[in-house]
Amino acid sequence: MAQSDGAGRPGLHAVVTQRSSLSSSISQGPASPGSATTSPPLTGGTVDHQPMATVLAYDTAMLRHTCPCSTTNHIEHPGRLQSIKARLCQVGLEDKCIKTKGRKATHQELTSVHSENHTNLYFGNGKKKVHGDSSKYFVKMRCDQWGVDADTVWNESHTGTAARIAAGTVIELATHVATGNYKNGYAIVRPPGHHAEQKRAM
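Note that the structure is a prediction, hence the values are computed from the model and not measured.

When you go through the protein residue by residue, the secondary structure sums to five helices and five strands. Going from the N terminus to the C terminus, the protein shows its helices and strands as α-β-α-β-α-α-β-β-α-β. Expressed as a percentage of its 202 residues, the buried residues of the protein come to 38%. Once local pairs closer than 6 in sequence are excluded, the contacts in the protein between residues at least 24 apart make up 69%.

In this structure, the second largest pocket occupies an estimated 200 Å³ of space. Contributing to the lining of the second largest pocket are 11 residues, with Glu76, Asp151, Thr152, Pro192 and His194 lying nearest its centre. In terms of residue class, the lining of the second largest pocket is built from three nonpolar, four polar and four charged.

Take the environment of Val177 next. Turning to its location among the elements, Val177 is positioned in helix α5 (residues 159-178). Judged by relative accessible area, Val177 falls into the partly exposed class, the value being 31%. With 124 residues separating them in the primary sequence, Val177 and Ala53 have C-alpha atoms 9.9 Å apart. Apart from the residues lying within four places of it in its own chain, the contact partners of Val177 are Tyr182, Lys183, Asn184 and Gly185.

Below, the discussion takes up the pattern of salt bridges. Taken as a whole and judged by the stated rule, the model has six salt bridges. Arg80 serves as the salt-bridge partner of Glu76, at 2.7 Å between the closest nitrogen and oxygen. A relative accessible area of 9% places Glu76 in the buried class. Each of Glu76, Arg80 and Arg190 takes part in a single network of salt bridges with overlapping partners.

Now for the side chain of Glu109. Relative to the helices and strands, Glu109 is located in helix α3 (residues 107-111). By relative accessible area, Glu109 is classed as buried at 10%. Here the side chain of Glu109 touches Thr106 through a polar contact of 2.9 Å, landing on its backbone nitrogen.

Further remarks concern the confidence of the model for the protein. A low pLDDT score tells you not to read the predicted coordinates there in detail. Looking at the protein, the pLDDT average stands at 74 and 68% of residues meet or exceed 70. Considering each helix and strand of the protein separately, the mean pLDDT is smallest for helix α1 (residues 12-22), with a value of 46, and largest for α3, with 92. Low pLDDT (under 50) marks residues 1-47, which in the prediction has 76 contacts with non-local residues, meaning those over four places away or in another chain.

Mapped onto the secondary structure, Ala187 falls in strand β5 (residues 182-188). Of the residues examined, Ala187 reaches a relative accessible area of 24% and is grouped as partly exposed. For the pair Ala187 and Tyr58, spaced 129 residues apart in sequence, the C-alpha to C-alpha distance is 6.4 Å. In this structure Ala187 touches Ala57, Thr169, Val170 and Leu173, once residues within four positions along its chain are discounted.

Taken as a whole and judged by the stated rule, the model has three aromatic pairs. When the centroid spacing of 5.9 Å and the interplanar angle of 75 degrees are considered together, the rings of Tyr122 and Trp154 count as edge-to-face. Here Tyr122 is found in helix α4 (residues 116-123), whereas its partner Trp154 is found in the loop between β4 (146-147) and α5, with 32 residues between them in sequence. You'll find Tyr122 and Trp154 in the same group, each marked buried.

Conventions we followed
- Residues numbered from 1 in each chain as written.
- Predicted model: local features only at pLDDT ≥ 70, side-chain atom pairs only at ≥ 80, totals over all residues.
- Heavy atoms only, no water.
- Helix = DSSP H or I, 4+ residues; strand = E, 2+ residues; numbered from the N terminus.
- Buried < 20%, exposed > 50% of the residue type's maximum accessible area, 1.4 Å probe, protein only.
- Contact = heavy atoms within 4.5 Å.
- 1 Å grid on protein atoms, 1.4 Å probe; cavity = no way out; pocket = protein on both sides within 12 Å on 5 of 7 lines; lining within 4 Å.
- Points joined across faces, edges and corners; volume = space filled by probe spheres on them.
- Nonpolar A, V, L, I, M, F, W, Y, C, P; charged D, E, K, R; others polar.
- Salt bridge = Lys/Arg side-chain N within 4 Å of Asp/Glu carboxyl O.
- Polar contact = N/O pair within 3.5 Å; in protein donor to acceptor, adjacent residues only side chain to side chain.
- pLDDT = per-residue confidence, 0-100.
- Phe/Tyr/Trp six-rings, centres within 6.5 Å; stacked < 30°, edge-to-face > 60°.

What follows is the structure, encoded as structure tokens:
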């Protein structure tokens, strides 16, 4: 019997099992240079299965999730990822890992956790302008730009894509580790979603 998280949604084991069965049927979408793919990047291709290896996932597309005000006063900013990756490179750990780009989470993966409305609002393809009824889901930050909360900016051109890449990359690494393809994995991702709820971005 599949486990749940207590709110009627599938637990990690169920999601990993479902993800494994779906991986062969998910079609590959178009990818622009330097951006994530929509198909699993760690299956097949030139990356061999190495059960004792550590996979390091990083994608520059997540750096585009930034505030239009261009100040350095935001707690959550692209420099977080850049400094982590630079440090891993400096101490020689990056070269010891299998490196891969991230991938976008599918609509089905997102709605296994979030509501349909939440998924369409925050993860929909293309630009998502804040206006009319949608403004109730966003707040004005101190820099006078829109955010999903007081600390996390909403960039209408890039935040939705970055969030899908962050979620998809973590799902992908967790799946491969759980199924024994790799020893472990480290995903350098943003925006952070560890406080997010089924119907609320944080």
